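One-letter residues, chain by chain:
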Amino acid sequence: MKAKKTEELIFKTFMIISSIIIISILFYIIGTIIYKGLPALDIDMLTKIPGGGFFLGKEGGVLNAIVGSLYIILGSLVIGLAISVPLVIYINFYLPKKSWLATLVRFSFDILFGVPSIVYGAFGFALMIFLGIRASLLGGIIAIALLIMPIMMRSFDEVAKLLSRDLPDALLSLGATRYEMAKVIIKQLMPGLVTAILLSVGRGIGDAAAVLFTAGYTDNIPTSLGQPAATLPLSIFFQLGSPVEEVQNRAYASAAILTLVILILSLSARYFSSKYQKNKI
Amino acid sequence: MMNFGVVRTSSTLEEIQSNSYLRKVESSHTINIKNLNVFIEEHHILKDINLSIPDKSITCIIGPSGCGKSTLLKTLNRMHDETPEVRISGEVIVDEENIYGVNVNVIDIRKKMGLLAQRPCPLPMSIFDNVAYGPRIHGLKRRKAINQTVIQYLQYVGLWDEVRGRVRSSPTRLSIGQQQRLCLARGLAIEPEYILGDEATSALDPISTKKIEELFIKLKEKYSIILVTHTLRQARRIADWVVFMYMGEIIEAGKTEEFFNNPKNKLTREYLSGSFS
């Protein structure tokens, strides 16, 4: 009896310690970023591009990285959604339940899900060489789209699989066309879709490896798809190593912005999925 | 809460349909199935089905599991179209038109056949929108007409008083029996001419079952109703005609009383005595 109590005590302690570790890691990271990044965050940081030369220039902010990241994530979202949404709808509602094609597709994006982002970067790079494009906004968009597509498809597919298989039949037997049926189903899939988007934006916006070769880096804001684009993660990567304190501050500011963005994304993902649960069957 | 305007509380089907948004021509409804064969991949599911289904009565299709009852029902609203593995030959003549003919619009066929499925499957929208969905996709636009249609059909299935305060909320909190009546109201709101029930009460408790059965009896004044059922007692209670199927064939069909009291086929007698089920 006593041995059992001791065992219980030991494992309980372990569980409490693990919980404390996780919480402290989160707060330590957020704390560091706020401590180093927040003082550097001012209006200039958010509204100006770096000045005075790459790696050493002391003036300006990280607007180039903010805008670059935004462009890349929006572009890749468009590509990602255009491919994932039809795919998930096809494998869940058009193909029969036990279709080998659906199994193959799911297997494919499960594998792709596990591929490290640097591999997407390398693949994107090879693709760019093949197509004759240099490191550019377009290259970054393609690489990030490749990276986020499996995430999008997977989280979207999870929700789609939960949807009642009776629902399409119920709609069709009311005389709905396939298009009308799809409209209702998409509405039902909304929480899954929103979560999928937020998750993939979170993953895509923070990834450095995929854009390292493909998007390049620049102090300017790209004005066309063919120009290189800066990104927040690379803005940290390239500027943190500078001996100049002002440049380092830009890196910390980028980290703070990135963390804030991801924090907001996670919180809104929770909010949206609870909001759309209302009419869930 | 929204304002529903002036709503009459009584609602017989005649009254509801007299202000129908579809204004259809009254005609007698018949279904004639001729030499129907259904294959799913290599399996011969329905074999040479020939059957006439009379108007304004309840026809129950009975038989052991896997005998093809549900498959037969699905041929009537062409739901097999959704499964590419299914092959169908023969004719199903509904109101003098072969629904498997060349120029047939599937949507029109499905609109003609109100289906009540085994498990209620409310659409992911409010109670009100569930009933309004059918009329809306079939072109009813005026808000007032939609309100009227929804309320009348909810009244018709006896759900209005139970849900009147919360028609804008999700149907998930309704009981299964209430959900099934909601699905019936939804099906009726597309103003079908036939009602198909695929073991429509098998998921329900006895009281809800009774309510649905009473509705079917009320509905047969206007519609021809075809029900697939598992329970012989249900067929005995509500059917006017009974069709007994076994292994994809129709073994015996006839008036309920005759069928139960004086079955002609040996298989029917065995099935009715409970030798197999």
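Here, the structure is the one placed above.
The structure reproduced in this document is the subject of the present report. (Residues numbered from 1 in each chain as written. Chains lettered and ligands numbered in written order. Predicted model: local features only at pLDDT ≥ 70, side-chain atom pairs only at ≥ 80, totals over all residues.)

Right, let's get into the overall build of chain B. Scanning chain B from terminus to terminus reveals eleven helices and ten strands. A buried classification covers 43% of the 277 residues belonging to chain B. Contacts in chain B between residues far apart in sequence, at least 24 positions, make up 70% of those at least 6 positions apart. (Helix = DSSP H or I, 4+ residues; strand = E, 2+ residues; numbered from the N terminus. Buried ≥ 20, exposed ≤ 12 C-beta atoms within 10 Å, placed from the backbone. Contact = placed C-beta atoms within 7 Å.)

Scanning chain A from terminus to terminus reveals eleven helices and zero strands. Helices and strands appear in chain A in the N-to-C order α-α-α-α-α-α-α-α-α-α-α. Taking the intrachain contacts of chain A between residues at least 6 apart in sequence as the baseline, contacts between residues at least 24 apart amount to 74%.

The subject of this paragraph is helix 8 (residues 206–219) of chain B. Residue and element names in this part refer to chain B. Here helix 8 spans 20 Å end to end across 14 residues, near enough to the 20 Å set by a 1.5 Å rise per residue. Looking only at helix 8, the buried set comprises Lys211, Ile212, Leu215, Phe216 and Leu219. The arc that holds the buried residues of helix 8, viewed along the axis, is 140°, so those residues lie on one side. Helix 8 presents Pro206, Ile207 and Glu214 as exposed residues on the side facing more than 90 degrees away from its buried surface. The inward-facing, buried residues of helix 8 abut strand 3 (58–62), helix 7 (176–189), strand 7 (194–198), strand 8 (224–228) and helix 9 (232–238). (Expected span 1.5 Å × (residues − 1). Arc of directions from axis to C-beta.)

Next up on the list: the sheet that holds strand 1 (residues 31–40) of chain B. All names here are of chain B. The four strands lie next to each other as 2-1-4-5, forming an open sheet whose pairing is antiparallel. A strand with exactly one partner marks an edge of an open sheet, and here the two such strands are strand 2 (43–53) and strand 5 (97–98). Sheet analysis places strand 4 (residues 86–94) next to strand 5, joined by two bridges and oriented antiparallel. Paired with Val94 across the two strands is Glu97, which belongs to strand 5. (Pairing = 2+ DSSP bridges.)

Residue and element names in this part refer to chain B. If you walk across this open sheet you meet the six strands as 6-7-8-3-9-10, and the pairing is mixed. Across the chains shown, the open sheet's two edge strands, defined by having one partner strand only, are strand 6 (113–116) and strand 10 (249–255). Strand-to-strand twist across the sheet, computed as the mean angle between neighbouring axes with direction ignored, equals 15°. Looking at chain direction, strand 9 (residues 241–246) and strand 10 are connected through six bridges and run antiparallel. Residue Phe244 lies in a different strand from strand 10, and its bridge partner there is Glu252. (Axes fitted to C-alpha atoms, helices over the stretch in contact; angles between N-to-C directions.)

Time to look at the packing of helix 3 (residues 63–94) of chain A against helix 6 (residues 137–162) of chain A. Running from amino to carboxyl end, helix 3 of chain A crosses helix 6 of chain A at an angle of 35°, the nearest separation of the two axes being 7 Å. In this structure, the crossing between helix 3 of chain A and helix 6 of chain A has a hand that is right-handed. (Left-handed = near helix turned anticlockwise from the far one by under 90°.)

A few words now on the interface of chain B and chain A. Much of the literature gives interface size as the accessible area that the parts lose upon coming together. Each partner contributes residues to the interface: chain B has 23 residues there, and chain A has 21 residues. Mapped by element, the contributors of at least two residues to the side of chain B that touches chain A are helix 3 (106–112) and helix 4 (127–137) of chain B. Counted by class, the side of chain B that touches chain A contains twelve nonpolar, six polar and five charged residues. (Nonpolar A, V, L, I, M, F, W, Y, C, P; charged D, E, K, R; others polar.)

Residues and elements named next belong to chain A. Taking 1.5 Å of rise per residue, the 15 residues of helix 5 (residues 117–131) would be expected to cover 21 Å, and the 21 Å separating its terminal C-alpha atoms lies within 8% of that figure. Ser117, Tyr120, Gly121 and Gly124 are the residues of helix 5 that are buried. Along the axis of helix 5, the buried positions cluster into a sector of 100°, meaning they face one direction only. In helix 5, the exposed residues that point more than 90 degrees away from the buried face are Ala126, Ile129 and Phe130. Residues of helix 5 that are buried make contact with helix 6 and helix 9 (209–214). Just downstream of helix 5 lies Gly132, where phi reads positive at about 75°.

On to the environment of B:Pro124, then. All names here are of chain B. In this fold, Pro124 is placed in the loop between strand 6 and helix 4. Given 24 C-beta atoms within a 10 Å radius, Pro124 is considered buried. C-alpha of Pro124 to C-alpha of Pro171: the two residues are 47 residues apart in sequence and 8.2 Å apart in space.

With that settled, consider the pairing of strand 7 of chain B. All names here are of chain B. Of all the five residues making up strand 7, five are buried; the element is thus mostly covered by neighbouring parts of the structure. Going residue by residue along strand 7, you find Tyr194, Leu196 and Asp198 tucked away on one face and Ile195 and Gly197 tucked away on the opposite face as well. As paired strands, strand 6 and strand 7 are joined by four bridges and run parallel to one another. When the bridges of strand 7 are listed, Gly114 appears paired with Ile195. Looking at chain direction, strand 7 and strand 8 are connected through five bridges and run parallel. Note on strand 8: the bridge partner recorded for Tyr194 is Ser224. Where the polypeptide runs from strand 7 across helix 8 and back to strand 8, its parallel neighbour, the crossover connection is right-handed. (Right-handed = clockwise from strand over helix to strand, strands pointing away.)

The next subject is the nonpolar core. Core analysis: the largest hydrophobic core is formed by 139 residues, its most contacted members being A:Ile144 and B:Ala185. In terms of residues, this core owes the most to one element, helix 6 of chain A, which gives 17 residues. With near-sequence residues (within four places) excluded, B:Ala185 lies in contact with B:Val131, B:Tyr153, B:Leu154, B:Tyr156, B:Val157 and B:Leu159. (Core = buried A, V, L, I, M, F, W, Y, C linked by C-beta atoms within 7 Å.)

Attention now moves to the pairing of strand 4 of chain B. Inspection of the sheet shows strand 1 of chain B paired to strand 4 of chain B by eight bridges, in the antiparallel sense. Looking at the pairing, B:Lys34 lines up with B:Glu91 of strand 4 of chain B.

Below, the discussion takes up unusual backbone geometry. Residue and element names in this part refer to chain B. If you check the backbone angles, Asn35 has positive phi at about 45° while not being a glycine. Looking at where Asn35 falls in the secondary structure, it is placed in strand 1. One non-glycine residue, Asp48, lies in the positive phi region at around 45°. Position of Asp48 among the secondary structure elements: in strand 2.

Here the focus is the packing of helix 4 of chain B against helix 7 of chain B. Residues and elements named next belong to chain B. With their axes 7 Å apart at the nearest point, helix 4 and helix 7 run at an angle of 25° to one another. When the axis of helix 4 is compared with that of helix 7, the two are roughly parallel. Like other packed secondary-structure pairs, helix 4 and helix 7 cross with a definite hand, here right-handed. Judged by residue contacts, Ile127, Asn130, Val131, Tyr133, Gly134 and Pro135 of helix 4 engage Leu182, Ala185, Arg186 and Ala189 from helix 7. (Parallel < 35°, antiparallel > 145°, perpendicular 65-115°, else oblique.)

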